[in-house]
Amino acid sequence: MADEAQIIDGKSIARAIRGEVADSVAALVAKGHRPPGLAVVLVGDDPASAAYVRSKGRACEEAGIYSVQETLLPTTTQQELLGVIDRLNCDLRIHGILVQLPLPKHINEQSIVEAISPAKDVDGFHPLNVGRLAGGMECFVPCTPLGVRELLIRSGIQTQGARAVVIGRSNIVGLPMAQLLMGRGEGGDATVTVCHSRTADLSELTRQADILIAAIGRAGFVTGDMIKPGATVIDVGINRVDDAEAEKGYRLVGDVDFDSARQVAGAITPVPGGVGPMTIAMLLRNTLESAQTWARADVRG
Ligand code: BQF
């Protein structure tokens, strides 16, 4: 049996970043500025969404970030939701606004995302930030791909000149991930291929990857035979699978078949405890950076 891969501990890296954010928050407050503030808007009562929202609130509290949760009934109209966003856009205590997705079917997600002030769009989903990212300009970057890049940097994984393959082309993960990896500078300068459900000879491509990012949304999709020996494998997937042994009757698994992949990869992220915690850490960092930007614009200096 070959040597097993190094396990990249996203949870501990995320904890370190949260500590750094907490220090910067304290420094901002010590200069007389408002603490960073995040508003999380939840529409409806989907249990998974509610759990994500709660954990974001807890993470804010630990970092000294002020947070408010706006919980709206599943019957909330688009007009009502737009009203809430307008109010948050004008609230000087709030530097970041996120609307937890998915939204109920009667609400048009795109119109909601476009209503968020681009200067408070800490999820990086507003078209202005999407365009800025595509143009290589400074902007809010979606938290999950940002977290993956940070994980690569802090794990000492060379991206410059590396062949990176991203499986998945979503606006939230795959596409911005590819843009970050091909962008200039630290954590970038890679040669990137984006694969998806219509890609022919997928394994041919994945086997060429020095860095393989799995963001497909299918449990155990990437198996050991699809991986180049020694490659870095980043698992973005969070899938529930039934498990009678587990307390809740299910457990979380990634898009990578961990047991076969770890025999081939050089380094691999686990699920849970890999990319997920980094997503939350990047949300805090985006909120901090937004508050710092707003503080600079403040007439009080
Ligand atoms: C971990 C999310 C799909 C759809 C909407 C830690 C999170 C997840 C896993 C987390 C996610 C996924 C979030 C772990 C936020 C990431 O230990 O592996 C944290 O809270 N996430 C979300 O808000 O909405 C989603 C995935």
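All of these numbers come straight from a predicted model, not from anything done at the bench.

Rules and cut-offs
Residues numbered from 1 in each chain as written. Predicted model: local features only at pLDDT ≥ 70, side-chain atom pairs only at ≥ 80, totals over all residues. Heavy atoms only, no water. Near = heavy atom within 4 Å. Polar contact = N/O pair within 3.5 Å; in protein donor to acceptor, adjacent residues only side chain to side chain. Areas by Shrake-Rupley, 256 points an atom, 1.4 Å probe, with all protein chains shown as cover. Helix = DSSP H or I, 4+ residues; strand = E, 2+ residues; numbered from the N terminus. Nonpolar A, V, L, I, M, F, W, Y, C, P; charged D, E, K, R; others polar. Pairing = 2+ DSSP bridges. Axes fitted to C-alpha atoms, helices over the stretch in contact; angles between N-to-C directions. Buried < 20%, exposed > 50% of the residue type's maximum accessible area, 1.4 Å probe, protein only. 1 Å grid on protein atoms, 1.4 Å probe; cavity = no way out; pocket = protein on both sides within 12 Å on 5 of 7 lines; lining within 4 Å. Points joined across faces, edges and corners; volume = space filled by probe spheres on them. Core = buried A, V, L, I, M, F, W, Y, C linked by side-chain atoms within 4.5 Å. Contact = heavy atoms within 4.5 Å. Expected span 1.5 Å × (residues − 1). Arc of directions from axis to C-beta. Parallel < 35°, antiparallel > 145°, perpendicular 65-115°, else oblique. Left-handed = near helix turned anticlockwise from the far one by under 90°.

Enquirer: Before we go on, may I ask you to explain the site of the ligand in this structure?
Expert: Close to the ligand lie Tyr52, Ser55, Lys56, Gln100, Ile238, Pro272, Gly273, Gly276, Pro277 and Ile280, which account for all nearby residues. The separation between an oxygen atom of the ligand and a polar side-chain atom of Lys56 is 2.7 Å. If the ligand stood free it would expose 530 Å²; the protein chains cover 69% of that surface. At the level of elements, helix H2 (47–63) and helix H10 (275–297) are the ones that each hand at least two residues to the shell around the ligand. Split by residue class, the shell around the ligand holds five nonpolar, four polar and one charged.

Enquirer: Would you take a moment to explain the sheet that holds strand E4 (residues 96–99) for this structure?
Expert: In a beta sheet, neighbouring strands pair by backbone hydrogen bonds and run either parallel or antiparallel. Read from one edge to the other, the open sheet built from three strands follows the order E3-E2-E4, with strand pairing classed as parallel. Taken across any chain shown, the strands that pair with only one partner, and hence form the sheet edges, are strand E3 (66–72) and E4. Direction aside, neighbouring strands of the sheet carry axes that sit 15° apart on average. Here strand E2 (residues 37–43) pairs with E3 via seven bridges, running parallel.

Enquirer: Quick question: what am I supposed to make of the pairing of strand E7 (residues 211–214) here?
Expert: Consecutive residues of a regular strand have side chains that alternate between opposite faces of the sheet. Side chains of E7 alternate between two faces, with Ile211 and Ile213 and Leu212 and Ala214 buried alike. As defined by bridge partners, strand E5 (residues 163–167) adjoins E7 across four bridges and the pair is classed as parallel. By the bridge assignment for E7, Ala164 is matched with Ile211. Pairing analysis gives four bridges linking E7 to strand E8 (residues 232–235), with the strands arranged parallel. Bridging across to E8, Ile211 finds its partner in Thr232.

Enquirer: Please explain empty space enclosed by the protein as it appears in this structure.
Expert: Vacant regions in the atomic arrangement are exposed by a probe of water-molecule size rolled over the atoms. Summed over the entire model, instances satisfying the criterion amount to one cavity of 30 Å³ or more. Counted as a void, the largest cavity has a volume near 60 Å³. For the largest cavity, the full set of lining residues is Ile97, Leu98, Val99, Leu101, Val113, Ile116, Asp121, Asp123 and Phe125. The biggest single contributor to the lining of the largest cavity is E4, with three residues. Across the lining of the largest cavity, the residue classes tally to seven nonpolar, no polar and two charged.

Enquirer: I'm lost on the layout of surface pockets in this one. Help?
Expert: One number sums up the size of the second largest pocket: a volume of about 680 Å³. If you go around the second largest pocket, you meet 26 residues; those closest to its centre are Met137, Glu138, Cys139, Phe140 and Val141. Secondary-structure elements contributing two or more residues to the lining of the second largest pocket are helix H5 (127–134), helix H6 (143–154), helix H7 (174–182) and H10. Each residue belonging to the lining of the second largest pocket can be placed in one class, and the counts come to 11 nonpolar, eight polar and seven charged.

Enquirer: Hey, could you run me through the nonpolar core in this one?
Expert: Across soluble globular proteins, nonpolar side chains show a tendency to be buried alongside one another. Ranked by internal contacts, the top residues of the largest apolar core, which has 49 residues, are Val21, Ile65, Val148, Leu181, Ile213, Ile234 and Val236. Contributions of two or more residues to this core are made by helix H1 (10–30), E2, H2, H6, E5, H7, E7 and H10. For this core, the element with the most residues is H10, which contributes eight residues. Among residues more than four places away in sequence, those in contact with Val21 are Ala63, Ile65, Leu284, Arg285 and Leu288. Membership of the second largest hydrophobic core comes to 17 residues, among which are Leu202, Leu212, Ala214 and Ile268.

Enquirer: What's the story with helix H3 (residues 78–90) in this structure? I'm lost.
Expert: Compared with an ideal rise of 1.5 Å per residue, which puts 13 residues at 18 Å, H3 spans 19 Å between its outermost C-alpha atoms and is within 8% of the ideal. Those residues of H3 that sit buried are Leu81, Val84, Ile85, Leu88 and Asn89. Summarising the axial view, the buried residues of H3 lie within an arc of 140°, below the 170-degree limit, and thus occupy one face. Turned more than 90 degrees away from the buried face of H3, the exposed residues are Gln79 and Cys90. The inward-facing, buried residues of H3 contact E2, E3, E4 and helix H4 (109–115).

Enquirer: Please clarify how the packing of H2 against H10 should be interpreted in this entry.
Expert: Between two packed helices, what matters for the description is the angle formed by their axes and the separation of those axes. The geometry of H2 relative to H10 is characterised by a closest axis approach of 10 Å and an angle of 55° between their N-to-C directions. If you check the angle between H2 and H10, you find them oblique. The two elements H2 and H10 cross, and the hand of that crossing is right-handed. Contacts between H2 and H10 involve Ser55, Lys56, Ala59, Cys60 and Ala63 from the first element and Ile280, Leu283 and Leu284 from the second.

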